[in-house]
Number of protein chains: 4
Amino acid sequence: MLKSGPRPGRPRDSHIDQAVLKAARELLAESGYTRVTMDATAARAGVGKAAIYRRFGSKAELLFAAAVHGMDIEPPADSGSLRGDLRAMAQVIHERLATPAAREVTPALLAEMSRDPALAARLQSTFVARERRDLEVIMERAHQRGELSRPGDPALAHLLLGGPLFVALLVLPGPLDEDRLDDIASVIAAGLIAHASGPARSG
Amino acid sequence: MLKSGPRPGRPRDSHIDQAVLKAARELLAESGYTRVTMDATAARAGVGKAAIYRRFGSKAELLFAAAVHGMDIEPPADSGSLRGDLRAMAQVIHERLATPAAREVTPALLAEMSRDPALAARLQSTFVARERRDLEVIMERAHQRGELSRPGDPALAHLLLGGPLFVALLVLPGPLDEDRLDDIASVIAAGLIAHASGPARSG
Amino acid sequence: MLKSGPRPGRPRDSHIDQAVLKAARELLAESGYTRVTMDATAARAGVGKAAIYRRFGSKAELLFAAAVHGMDIEPPADSGSLRGDLRAMAQVIHERLATPAAREVTPALLAEMSRDPALAARLQSTFVARERRDLEVIMERAHQRGELSRPGDPALAHLLLGGPLFVALLVLPGPLDEDRLDDIASVIAAGLIAHASGPARSG
Amino acid sequence: MLKSGPRPGRPRDSHIDQAVLKAARELLAESGYTRVTMDATAARAGVGKAAIYRRFGSKAELLFAAAVHGMDIEPPADSGSLRGDLRAMAQVIHERLATPAAREVTPALLAEMSRDPALAARLQSTFVARERRDLEVIMERAHQRGELSRPGDPALAHLLLGGPLFVALLVLPGPLDEDRLDDIASVIAAGLIAHASGPARSG
DNA sequence: CAGTAAGCGAGACGGTACGTCCTGTCTTCTC
DNA sequence: GAGAAGACAGGACGTACCGTCTCGCTTACTG
């Protein structure tokens with residue numbers, strides 16, 4: 001029973017949530033993670049620091065929330081082929097990681113994760129799990145379609161697809177163009193298909 | 001003519017370079033990036049802070065240098081197959097990224113890179129370029145062997161191979177086991193081979 | 001209308017003012033000016049450094065405030081003679097300058113004054129002006145008493161009385177004994193009386 | 001037997017002594033004691049720091065030497081009266097203290113003295129002792145002249161004369177004009193004369 | 001409609017690290 | 001050896017930031 005009814009006292013002002021996230025997002029894009037300060041965020045939002053900490057437990061949580069704000073992905077539509085589905089999925093992941101805010105926040109979030117297992121678990125169970133589930137659907141479809149002789153491991157597929165995108169956006173200098181996304185999806189689709197025909201393993 | 005001869009004044013003590021990097025590496029493995037302090041590093045190295053700042057412009061530069069210190073990779077031996085070569089390459093990359101120091105420093109380094117183009121360029125021209133060159137050799141060998149109908153793009157291969165390893169180490173909780181490395185190398189080898197047989201593109 | 005009402009935000013904690021000044025005074029007496037550090041002061045006061053810098057712009061300001069804290073002098077009582085009044089005044093000035101804290105701070109303060117006119121002005125308008133005013137009262141009394149044919153210049157009297165005490169405490173090794181104070185007051189009283197009988201000058 | 005013959009090795013370059021003192025004096029007048037640094041002094045003098053430390057044991061010694069450089073006082077000429085002699089003596093002391101370098105160095109020197117008894121003793125035995133000896137001559141002359149019924153205590157006279165000058169120059173804002181020096185000498189002369197006629201004391 | 005609980009802006013607070021600066025010493029090479 | 005150049009240990013300075021706390025005020029639900 002989670003419902004607690006209207007709590008006593010003055011209710012939170014939802015305008016503040018928006019103002020804070022907006023300010024955080026702007027500062028993130030302007031200055032980079034470490035140069036965003038809670039004081040500056042509060043000042044730009046026209047808000048007290050306490051109002052922020054009432055909503056977000058730490059700078060990391062705030063900036064994470066700011067970066068992922070509005071990042072809901074559509075369920076992966078069936079394109080008719082594994083390759084097409086992976087290409088669509090690559091597009092989704094790419095868009096999500098390519099925003100300025102996301103590019104700033106991601107490295108800092110990784111750093112935070114290595115120190116804060118709770119945060120790590122939370123991210124695992126949301127973003128990673130969601131993407132993996134989508135991949136599962138895609139691979140199951142490919143199995144039914146006959147492309148894959150076995151459904152295969154969605155975690156492996158996720159690693160193979162997401163890893164290159166992740167690295168390309170965060171580590172490499174230039175942007176990722178459409179052709180590159182095509183190639184990535186293409187190689188991985190072919191690879192997974194060939195791999196599924198190989199000897200099954202116990203894992 | 002870059003040779004400048006022995007500069008005047010007392011030369012830098014190379015023992016200090018070693019002591020500082022050693023202290024930084026130890027503290028990094030013990031405490032994590034943010035908990036390494038310049039004071040503690042100087043104290044453990046038995047060195048003044050100025051001696052550190054004379055060598056490294058900031059904490060980020062120091063810890064980067066400490067993490068990558070001595071990370072030379074051997075030229076990729078020919079295993080007889082593309083799949084085998086990729087598997088060996090995966091092992092090398094994995095070992096390099098899996099050290100405690102590297103795991104601590106990498107996220108902070110990514111954050112720094114997005115703000116310091118000089119640092120980014122430096123990393124590109126060393127680590128990334130070196131790995132890419134190795135991949136180029138591997139793919140050329142596969143081409144000569146007849147596995148690949150075209151030599152292909154080493155940058156794409158690098159992305160496909162390194163990306164999953166990178167992400168696995170930084171984002172995923174557990175370690176990467178041998179089977180996973182096998183799978184990754186296997187899928188990518190198969191995918192590259194299939195991809196090379198497809199229609200050539202203008203890019 | 002200067003009244004500004006209660007400023008917004010959390011008000012300063014006056015306990016901290018006291019704790020900081022107390023800690024600074026103690027350290028000053030224990031260690032001497034240069035060996036008092038802001039960190040040590042903050043630590044002993046159980047206070048963050050920022051709280052100190054919020055109140056005192058620099059180490060010099062803090063230690064000055066610590067040294068002069070609570071140095072209020074009583075109005076000079078009428079002893080019945082100029083000589084007696086000057087002797088009492090000498091006692092007061094001497095006591096003020098002879099505290100360990102004052103002996104430590106004074107030289108540093110002088111150095112600071114030559115570079116910071118605002119600090120100099122502040123000292124002029126408090127300590128110097130107050131002592132001079134007291135001398136003025138003393139000389140006026142002596143004039144009314146008939147000891148001085150003219151009231152005379154209190155600034156001159158202040159210089160003549162305070163100068164020797166100041167120098168004795170800062171330059172000379174040993175302490176000033178009672179006899180010395182007697183002599184100083186005696187010579188100056190006699191000198192002022194004789195001087196007042198001389199020809200008036202235009203200045 | 002202090003003479004040790006020509007020491008082995010390269011003899012000191014006396015041009016350096018001059019260059020160092022000149023640089024120190026300039027920096028002192030420009031910036032104030034604490035802002036003079038040994039590095040800056042060495043740089044301006046075109047000299048290594050070691051060459052300075054070979055000549056002066058510390059910053060305090062260097063700046064003291066720089067400030068008092070060339071400050072030899074002539075023996076006090078007989079003006080025909082105690083008042084005249086004191087006036088001349090006041091002039092000498094004033095000139096010595098009024099140089100920009102002296103005004104900067106004196107407070108810092110006082111601070112140093114309170115911590116370094118050796119330095120204090122050295123100053124006592126040079127400047128203070130020399131001025132006191134001159135006063136002794138002056139007072140003895142006044143005694144012989146009949147102005148003073150007893151020779152009196154030169155240390156007291158020194159305090160009475162030097163103290164006001166010291167304070168006027170270092171503590172008070174404005175300059176000391178001629179009239180003020182007249183007044184000081186006049187009051188003290190009269191006071192000493194009156195004091196000498198009073199009851200002798202054992203001290 | 002008074003009471004209470006909480007939200008709010010502002011900003012002080014403890015703690016902690018940073019990067020700079022300076023002193024006095026030491027180490028190189030050159031004269 | 002003296003000299004210029006500059007590295008070195010040590011340590012203080014003043015700034016910045018985080019996350020918490022404390023003011024006085026406002027806003028809603030409660031009895």
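Residues numbered from 1 in each chain as written. Chains lettered and ligands numbered in written order. Predicted model: local features only at pLDDT ≥ 70, side-chain atom pairs only at ≥ 80, totals over all residues. Heavy atoms only, no water.

Enquirer: How should the overall build of chain A be read in this particular structure?
Expert: Along its length, chain A carries nine helices and zero strands. In chain A, the succession of α and β elements from N to C terminus is α-α-α-α-α-α-α-α-α. Taking the principal axes of its C-alpha atoms as reference, chain A extends roughly 60 × 45 × 30 Å. Taking all 203 residues of chain A together, 47% fall into the buried category. Taking contacts inside chain A between residues at least 6 apart in sequence as the whole, the part at least 24 apart equals 69%. In the structure as shown, chain A presents an accessible area of about 10000 Å², 56% of it carried by carbon and sulfur atoms. (Helix = DSSP H or I, 4+ residues; strand = E, 2+ residues; numbered from the N terminus. Buried < 20%, exposed > 50% of the residue type's maximum accessible area, 1.4 Å probe, protein only. Contact = heavy atoms within 4.5 Å. Areas by Shrake-Rupley, 256 points an atom, 1.4 Å probe, with all protein chains shown as cover.)

Enquirer: Can you help me understand the protein's contact with DNA strand F in this one?
Expert: By nearness alone, 46 residues border DNA strand F, and Gly48(B), Met38(C), Tyr53(C), Arg10(D) and Asp13(D) come closest of all. When atoms of DNA strand F within 4 Å of the protein are sorted by moiety, sugar and phosphate together comprise 70%. One nitrogen or oxygen atom from the side chain of Arg54(B) is found 2.7 Å from a phosphate oxygen belonging to DNA strand F. Taking Gly46(D), its main chain carries an N or O atom lying 3.1 Å from a phosphate oxygen of DNA strand F. Examining the composition of the surface near DNA strand F, we find that four residues originate from one element, helix H3 (residues 49-55) of chain D, more than from any other. When its residues are assigned to classes, the surface near DNA strand F shows 19 nonpolar, 10 polar and 17 charged. (Near = heavy atom within 4 Å. Polar contact = N/O pair within 3.5 Å; in protein donor to acceptor, adjacent residues only side chain to side chain. Nonpolar A, V, L, I, M, F, W, Y, C, P; charged D, E, K, R; others polar.)

Enquirer: Got a minute to help me understand the relation of the copies chain C and chain D in this structure?
Expert: What relates the pair of chain copies is a rotation about an axis plus a shift along that axis. Between the two copies, chain C and chain D, the superposition gives an RMSD of 0.6 Å; the rotation angle is 177° and the shift along the axis is 0.1 Å. Taken together, the rotation angle and the small translation identify this as a two-fold axis. (Least-squares fit on C-alpha atoms with pLDDT ≥ 70 in both.)

Enquirer: Mind showing me how you'd approach the domain arrangement of chain A here?
Expert: It is common to give the size of an interface as the accessible area lost on bringing the parts into contact. Residues and elements named next belong to chain A. In terms of domains, chain A is made up of domain 1 (14-68) and domain 2 (82-197). Taken over C-alpha atoms, the centre of domain 1 sits 28 Å from the centre of domain 2. Contact with domain 1, which involves 11 residues of that partner, is made by 11 residues of domain 2. Of all residues in domain 1, the largest losses of buried area upon contact with domain 2 belong to Tyr 33, Phe 64 and Ala 67, amounting jointly to 52% of the total for that side. (Domains from an automatic or database assignment. Buried area = accessible area lost by both parts, 1.4 Å probe.)

Enquirer: Sorry, what's going on with the protein's contact with DNA strand E here?
Expert: Near DNA strand E you find 47 residues, and of these Arg10(B), Met38(B), Tyr53(B), Gly48(C) and Arg55(C) are the closest. Taken together, the sugar and phosphate atoms account for 66% of what DNA strand E places within 4 Å of the protein. Within the side chain of Arg10(A), one N or O atom sits 3.2 Å away from a base nitrogen of DNA strand E. For DNA strand E, a sugar or linking oxygen lies 3.3 Å from a polar atom in the backbone of Arg10(C). Elements supplying a minimum of two residues to the surface near DNA strand E: helix H3 (49-55) of chain A, helix H2 (38-45) and helix H3 (49-55) of chain B, helix H3 (49-55) of chain C together with helix H2 (38-45) and H3 of chain D. For the surface near DNA strand E, the per-class residue count stands at 17 nonpolar, 10 polar and 20 charged.

Enquirer: Looking at this structure, how should I read the arrangement of the chains?
Expert: One finds no contact linking chain A with chain C; the least C-alpha distance across the pair is 10 Å. Chain D makes no contact with chain B, the minimum C-alpha separation between the two being 10 Å.

Enquirer: I tried to follow the packing of helix H1 (residues 14-31) of chain A against helix H6 (residues 100-113) of chain A on my own but got confused; where do I start?
Expert: In a pair of packed helices, the angle between the axes and the distance between the axes together describe the arrangement. All names here are of chain A. Two elements in contact, H1 and H6, have axes separated by 8 Å at closest approach and are oriented at 80°. Between H1 and H6, the angle is such that the two are roughly perpendicular. Taken together, the residues of H6 that come into contact with H1 (itself represented by Arg 25, Leu 28 and Ala 29) are Pro 100, Ala 101, Glu 104 and Val 105. Along the lines of polarity and charge, the residues of the contact of H1 with H6 split into five nonpolar, no polar and two charged. (Axes fitted to C-alpha atoms, helices over the stretch in contact; angles between N-to-C directions. Parallel < 35°, antiparallel > 145°, perpendicular 65-115°, else oblique.)

Enquirer: Please clarify how helix H5 (residues 82-98) of chain B should be interpreted in this entry.
Expert: Working note: α-helix, 3.6 residues per turn, so residues spaced by three or four point in the same direction. Residues and elements named next belong to chain B. With 17 residues, H5 should cover 24 Å at 1.5 Å per step; its first-to-last C-alpha distance of 24 Å lies within 8% of that length. All of the buried residues along H5 are Leu 82, Asp 85, Leu 86, Arg 87, Met 89, Ala 90, Val 92, Ile 93, His 94, Arg 96 and Leu 97. Close packing links the buried residues of H5 with helix H6 (100-113), helix H7 (117-145), helix H8 (154-170) and helix H9 (178-197). (Expected span 1.5 Å × (residues − 1).)

Enquirer: I tried to follow the side chain of Arg55(C) on my own but got confused; where do I start?
Expert: Residues and elements named next belong to chain C. Looking at where Arg 55 falls in the secondary structure, it is placed in helix H3. For Arg 55, a relative accessible area of 16% gives the class buried. Within polar-contact distance, the side chain of Arg 55 engages the backbone oxygen of Asp 13 at 3.2 Å. A polar atom in the side chain of Arg 55 sits 2.9 Å from the backbone oxygen of Ala 51.

Enquirer: Which parts of the structure should I look at to understand the confidence of the model for chain A?
Expert: On average, residues of chain A carry a pLDDT of 88, and 93% of them reach 70 or more. Element-level mean pLDDT values for chain A span from 82 in H6(A) up to 97 in helix H2 (residues 38-45) of chain A. (pLDDT = per-residue confidence, 0-100.)

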